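Descriptive analysis of the structure
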Amino acid sequence: MQNNSKWLAQSHSDGVTLGIRELLHYQSKTSLLNLTPRKAVQAKLSGGYLAKTKGRGMEFDEARHYQPGDDIRAIDWRVTARTGKTHTKVYREEKERPVFVLTDMSSNMQFGTQLLFKSIQAAHLSALIAWSARKRGDRIGGLVFNQHQHLECKPFTRQKAVLSLLNSMIKIQSTAQDSGDIEVSLSDALARLRRLAHPGSLIFIISDFSQLDELAKQHIAQLSKHNEVIAYCLSDPFEHELPSVKVSQRVTLSDGKNRQQITLGEKNTEQEYNLQHQAHFEKIEKTLKQCKAQVLAIDAGLPLEVQLERFSGRGSQ
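The sections below set out a description of the structure shown in this document.

What counts, and at which threshold
- Residues numbered from 1 in each chain as written.
- Predicted model: local features only at pLDDT ≥ 70, side-chain atom pairs only at ≥ 80, totals over all residues.
- Heavy atoms only, no water.
- 1 Å grid on protein atoms, 1.4 Å probe; cavity = no way out; pocket = protein on both sides within 12 Å on 5 of 7 lines; lining within 4 Å.
- Points joined across faces, edges and corners; volume = space filled by probe spheres on them.
- Helix = DSSP H or I, 4+ residues; strand = E, 2+ residues; numbered from the N terminus.
- Nonpolar A, V, L, I, M, F, W, Y, C, P; charged D, E, K, R; others polar.
- Buried < 20%, exposed > 50% of the residue type's maximum accessible area, 1.4 Å probe, protein only.
- Salt bridge = Lys/Arg side-chain N within 4 Å of Asp/Glu carboxyl O.
- Polar contact = N/O pair within 3.5 Å; in protein donor to acceptor, adjacent residues only side chain to side chain.
- Contact = heavy atoms within 4.5 Å.
- Expected span 1.5 Å × (residues − 1).
- Axes fitted to C-alpha atoms, helices over the stretch in contact; angles between N-to-C directions.
- Parallel < 35°, antiparallel > 145°, perpendicular 65-115°, else oblique.
- Left-handed = near helix turned anticlockwise from the far one by under 90°.

Now for the layout of surface pockets. For the second largest pocket, the calculated volume is near 230 Å³. Around the second largest pocket, the lining comprises 15 residues; the ones closest to its centre are His240, Phe281, Glu282, Glu285 and Ala297. The dominant element in the lining of the second largest pocket, judged by the number of residues it contributes, is helix α8 (residues 267-290), at seven residues. Looking at the lining of the second largest pocket, its residues break down into six nonpolar, five polar and four charged.

Within the chain, Phe209 stands out as a residue other than glycine whose phi angle is a positive 55°. Counting through the fold element by element, Phe209 comes out in the loop between β7 (202-207) and α7 (214-226). By relative accessible area, Phe209 is classed as buried at 1%. Backbone geometry at Lys292 places phi at a positive 70°, although glycine is not the residue there. The class of Lys292 is exposed, set by a relative accessible area of 62%.

Side chains that differ in sign of charge can pair as their charged atoms come close. On inspection of all chains with the given rule, the structure shows five salt bridges. Where Lys217 meets Glu214, a salt bridge forms, and the shortest distance between an N and an O atom there is 3.0 Å. Of this pair, Lys217 and Glu214 both sit in helix α7, three residues apart, which is roughly one turn of that helix. On the accessibility criterion, Glu214 (48% relative accessible area) is partly exposed. Among the ionic contacts, a cluster of salt bridges with common partners joins Lys118, Asp208 and Glu239.

Tracing the backbone through its elements, the reader meets Thr287 in helix α8. Among the polar contacts made by the side chain of Thr287, one reaches the main-chain carbonyl oxygen of Lys283 at a distance of 2.8 Å. In this structure Thr287 touches Leu212 and Lys217, once residues within four positions along its chain are discounted.

Okay, helix α4 (residues 118-136) next. Given 3.6 residues to a turn, an α-helix orients residues that are three or four positions apart in the same direction. Between its terminal C-alpha atoms α4 stretches 27 Å, which fits the 27 Å expected from 19 residues at 1.5 Å a residue. Summarising burial for α4: 16 of the 19 residues are buried, a large majority. The first or second residue beyond α4 is Gly137, which carries a positive phi of 90°.

So, on to the packing of helix α6 (residues 186-196) against α7. Helices that pack against each other are described as a pair by the angle of their axes relative to one another and the distance between those axes. Where α6 contacts α7, the two axes come as close as 8 Å, and the packing angle between them is 25°. In terms of orientation, α6 and α7 fall into the roughly parallel class. Once α6 is placed against α7, the crossing between them reads as left-handed. Of the residues in α7, those touching α6 at Leu186, Ser187, Leu190, Ala191, Leu193 and Arg194 are Leu215, Ala216, His219, Ile220, Gln222 and Leu223. Split into classes, the residues belonging to the contact of α6 with α7 amount to eight nonpolar, three polar and one charged.

Structural data, given as structure tokens:
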């Protein structure tokens, strides 16, 4: 608990509300993420990533024998002089790849028992992705939503784009507890994201996926066909196992609307609870993988630095 308090102070966070200082904190943490493309980039020309197709561009790829129809301006005179045969320079086309972040801050994400609300951890991770994309020169855009509204941030390369995303998350978090009927779901947000994201984008979906219904699955599968999709599944330690207590006791749980009682300290109850929730998260992971998304689990009870250093490839340099 003392270590948690120290980390929260250093990160300028209280774990429940969201402020700009804690999101600016991740500007210095970009080494935690590796945003190198894993799929061939399919976006339009002009950008910072090399495509597999060859042609005129910014990056030299190889020299090969001259073929009828080749541009004479591309002749490699040094290789031609050395070999006595005409060679042409071949370039790899550079293509840009926008980065989109979908951040779920709905009512199910307004929960946390040890360090942060899931929604706050989602905002921290989104900020880290945004700062990492800006450092690489990627265009960054996003969509932030709760059950009452969504905010879209169109992709730009400037720092203004990052700050727009950060301020959107702060605004959405501040209205998360507003009363009203549920209007915006995960599937709604994914449908909007499909209209925003162009083929060849790198897409991060940050959610607990408690609303992963059939329609949401279809949207993710469609996004994965032409983009690289990475799903960060957020959870709280309490959602995996009940807290250990010395004396059996009944506690009341609430999501703000519904209330449920559960008994702590009973072995059978604990085992049933753990198995049920393990099956829940395994189903989410299996479903996301069937949609061709890469899946990474994030714990709201631990600092991002501790977790991302454990990941290979995406999670560390």
